[in-house]
Structures are given as structure tokens and as C-alpha cells.
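Observations on chain architecture
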Amino acid sequence: MFIELTDHLRCPADHPEHYLVLLPDRIVERSVLAGRLGCPVCGRTYAVAEGIAELDGPPPGPPLGGALDPAAMHVLLGLGGPGGYAALVGSAAESWRGLAETLAGVALVAVNPPVGVTDAAPLLSVVRAPLVPLKTRTLRGVVLGAEVSTDPHWVREAARATLPGLRVVGQGRAPAVAELELLASADGHWVAARR
Ligand SMILES: [Zn+2]
């Protein structure tokens, strides 16, 4: 996990949004390989193990395939210029490396990626959580995997964590979520802007 990402993480527990405090055990260059993340509000602590932040998320499932092509992700996210973070939820993370090459300078966060997607900080940090464990209005964009694109929980979480005016991309039926304005929908994909 990219150490600078720690500043943007939130506790996944069901209480008002609050940051986490890192207690590192092992840092190599700017990557946290082992340690704990503690919440000052609820007192829970979460492990960072093998570079992955384990924030009460589901265990990794098998690769699903079907992730958007990295070039398509790049176009749909519409990001110009380096800086900040973009998240790939579920199977969308299977295409992370190609996206990292075209989005130079934007750090990626994989949320609940399938088996085989591992920590590659600072380019890619991996987190496992029941939500998008980033503070509200933090991300420069989110791509949802097909299996989470039509789940209102994950669509709302993607919208919450995205900066106003920036984009959430998904597959399948376009969402009806108040926080998102649909920009386009074609070929089984949709792109929406955070209001
Ligand atoms: Zn907490």
C-alpha cells in the first residue's frame, strides 16, 4: 500500500466518516508492507499484510475476465494530467497495469480485486473493504467491475468517494443514483459525472 494513501483512507465501520492512523511495521521505499491501521473513533484496528489493507472486506474471488480495455477506461475516465488517485472496484482491477501506463502520475487503488491482483505500490494499492474505503470527494475517478456496476451500494460508494465533476464508469444498466449525472451509455458501458 502506497504510504501516502493512508491520508485518504476511512474506517469502514458504521459510524460517521473518520480517518485511520497507520502503525507501520515494515515500509520499503514508500510502500507499507505490514502494519496496522487504527480508528480513533471506534478503536478497531485493521491489518496491512503483504502490502494489502484488510479493512473487513470479502476474501478475493477468482478472476472474472470482462474488465474494460485499459484504453477504453482511460477515455471514459477523461482524466488529464497527473496527481491524485483513481479506484478500480472488483474485476475492473484486472486491467490495472495497462491503465497505469496511460494514466501516468495517477495512483490506482484496487478495491476487492480478484486473486492475482497484488500490491504494486506506488502504482497500485490493494484494499479489501465492504465499501470504497476512501474519504468522501477524494478520488479523481472510479471504474466499477461488471459484477458491482448494477449494485446500488457500490454505485453510491463510487459516487461518494469521487470529486465533484469527475467520473464513475460502469458496465451494464446505467444507474439511477441522485449523486450521479449520466453522461453517456453505449456498448454496455456507462459513464456518469459526480454532481
Ligand atoms: Zn472506526
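Not measured: the values here are computed from a predicted model.

Parameters and conventions
- Residues numbered from 1 in each chain as written.
- Predicted model: local features only at pLDDT ≥ 70, side-chain atom pairs only at ≥ 80, totals over all residues.
- Heavy atoms only, no water.
- Helix = DSSP H or I, 4+ residues; strand = E, 2+ residues; numbered from the N terminus.
- Buried < 20%, exposed > 50% of the residue type's maximum accessible area, 1.4 Å probe, protein only.
- Contact = heavy atoms within 4.5 Å.
- Areas by Shrake-Rupley, 256 points an atom, 1.4 Å probe, with all protein chains shown as cover.
- Lys, Arg positive; Asp, Glu negative; His and termini not counted.
- Charge placed at Lys NZ, Arg CZ, Asp CG, Glu CD.
- Polar contact = N/O pair within 3.5 Å; in protein donor to acceptor, adjacent residues only side chain to side chain.
- Donors = N, O, S within 2.8 Å, 3.2 Å for Na, K, Ca; no water.
- Tetrahedral: all angles 85-135°; square planar, octahedral: opposite > 155°, others 65-115°.

With that settled, the discussion passes to the overall build of the chain. Of regular secondary structure, the chain possesses 4 helices and 11 strands. Out of the 195 residues in the chain, the part that is buried amounts to 48%. Counting only contacts in the chain whose residues sit at least 6 apart along the sequence, the fraction spanning at least 24 positions is 54%. When the accessible surface of the chain is split by element, carbon and sulfur atoms take 54% of a total near 8500 Å². Averaged over its 16 positive side-chain charges, the chain has a centre that lies 5 Å from the centre of its 19 negative ones.

Right, let's talk about helix α1 (residues 70-77) for a bit. Capping the start of α1, Asp-69 holds a side-chain oxygen 3.0 Å from the backbone nitrogen of Ala-71, two or three residues further along. Where α1 ends, the next residue or the one after it, Gly-78, has phi of about 65°, a positive value.

For the zinc ion, the full set of protein donor atoms is Cys-11 (SG), His-15 (NE2), Cys-39 (SG) and Cys-42 (SG), at a range of 2.0 to 2.3 Å. Given 4 donor atoms and angles of 106 to 114° at the metal, the environment of the zinc ion is assigned as tetrahedral. Mapping the donors of the zinc ion onto the primary sequence gives the spacing C-x3-H-x23-C-x2-C. With His-15 in the segment before β1 (21-28) and Cys-39 in the loop between β2 (31-38) and β3 (45-49), this pair connects stretches of sequence that are 24 residues apart.

What is shown is where atoms sit, not what they do.
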